[in-house]
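Architecture at a glance
These are the residues of each chain, in order.
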Amino acid sequence: MAQAMRPQSTTRQISLLSTDGKPHPLQDTLLAVTLVLGAVAFVTAFFHNLHLISSWTGLIGILTGAYGQFVSVTTRERFALIIGLGAAALGFFLGMAHGGLFGGWLG
């Protein structure tokens, strides 16, 4: 129990997403990409004429978020990935409802 009373070192880097104290560059990159794609898909989904952008960014955001969930290490990363996945999925589904991935370019 001596280690419980020892003060924490102040030289240790504190990260917002990494609770285990180790760097996770791949997971952090996937998280940032998923959040950006989810935000773009969510915002553009409210405009009928931007259905190509919302459906494609939503689809790519879903795929990167799913892979990010697969390789994520900490709970904080998973929580933020779920937020990005939800926004990407909502943008994807509304983009599909407004015209789809190809929007009349095929057939």
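Computed from a prediction, not measured in an experiment: that's the story for all the values here. (Residues numbered from 1 in each chain as written. Predicted model: local features only at pLDDT ≥ 70, side-chain atom pairs only at ≥ 80, totals over all residues. Heavy atoms only, no water.)

Here the focus is the overall build of the protein chain. Scanning the protein chain from N- to C-terminus turns up four helices and zero strands. Its helices and strands in sequence order give the protein chain the pattern α-α-α-α, from N to C terminus. Each of the 107 residues in the protein chain was classed as buried or not, and the buried ones make up 35%. Counted over contacts in the protein chain with a minimum sequence separation of 6, partners at least 24 positions apart contribute 76%. Put simply, the protein chain shows about 7100 Å² of open surface, and 72% of that area lies on carbon and sulfur atoms. (Helix = DSSP H or I, 4+ residues; strand = E, 2+ residues; numbered from the N terminus. Buried < 20%, exposed > 50% of the residue type's maximum accessible area, 1.4 Å probe, protein only. Contact = heavy atoms within 4.5 Å. Areas by Shrake-Rupley, 256 points an atom, 1.4 Å probe, with all protein chains shown as cover.)

Quick look at helix H3 (residues 51-71) now. Look at H3: 30 Å from first C-alpha to last across 21 residues, which is about the 30 Å you get at 1.5 Å a residue. Looking at H3, one finds that the buried residues are His51, Ser54, Ser55, Thr57, Gly58, Gly61, Thr64, Gly65, Gly68 and Val71. On its buried face, H3 sits against helix H2 (25-44) and helix H4 (75-98). (Expected span 1.5 Å × (residues − 1).)

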